[in-house]
Amino acid sequence: MDADVEAAYVRFESPLRHRRGHFTGVFGLVNGLAREGKLTAEQERFRRTNNDWYDNAYPDPSTIDPAIYDHDVNPCAVAWFKVTATHLIERVPGYLAILDAHGIECRVVRSSDPGRVVYEDDFQIVVVPHEA
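Our subject in this report is the structure included herewith. (Residues numbered from 1 in each chain as written. Predicted model: local features only at pLDDT ≥ 70, side-chain atom pairs only at ≥ 80, totals over all residues. Heavy atoms only, no water.)

### Considering helix H2 (residues 41-57)
Over its 17 residues, H2 extends 24 Å from the first C-alpha to the last, a length consistent with the 24 Å expected when each residue adds 1.5 Å. Looking only at H2, the buried set comprises Gln-43, Arg-47, Asn-50, Asn-51 and Tyr-54. The buried residues of H2 occupy an angular sector of 110° when the element is viewed end-on, so they sit on one face. When the buried face of H2 is taken as reference, the exposed residues oriented beyond 90 degrees from it are Ala-41, Glu-42, Arg-45, Thr-49 and Asn-56. Taken together, the buried residues of H2 touch helix H1 (26-35), strand E3 (78-82), helix H4 (86-89) and helix H5 (92-101). (Helix = DSSP H or I, 4+ residues; strand = E, 2+ residues; numbered from the N terminus. Expected span 1.5 Å × (residues − 1). Buried < 20%, exposed > 50% of the residue type's maximum accessible area, 1.4 Å probe, protein only. Arc of directions from axis to C-beta. Contact = heavy atoms within 4.5 Å.)

### Quick word on the environment of Ser-111
Considering the arrangement of structural elements, one finds Ser-111 in strand E4 (residues 107-111). C-alpha of Ser-111 to C-alpha of Val-83: the two residues are 28 residues apart in sequence and 9.9 Å apart in space.

### A word on the pairing of E3
The element E3 is extensively covered by neighbouring structure, given that 4 of its 5 residues are classed as buried. Alignment of E3 against strand E6 (residues 124-129), held across 4 bridges, turns out to be antiparallel. Paired with Ala-79 across the two strands is Val-126, which belongs to E6. (Pairing = 2+ DSSP bridges.)

So yeah, pure geometry; function would need other evidence.
Take a look at the structure:
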């Protein structure tokens, strides 16, 4: 991946591959903790409030193309923020704090060419990574 400072895209993800081959993103990591009942009441309030905000702030690619994350159609497809979507990125530190509190690593990856683009809007892209 291109670690270029002028990268057009940014992603927050686990440094470990998911069993399906991709690196789980920050929202998936926090939502997984919630499904497992591991969040404190305060963390769950943050997650629910901010997940709702994100749902209302930008399009969900899977509602536009239900097959976008289908592993057979787009293996290991993942979403990346456009670096210009600062209003979306500025809420990520709260999710990172939750992961940190649970000892879960999350890295920041920047790239100008993260993969084959299968979806794009004003705020994000969904790509099939080059190594998929």
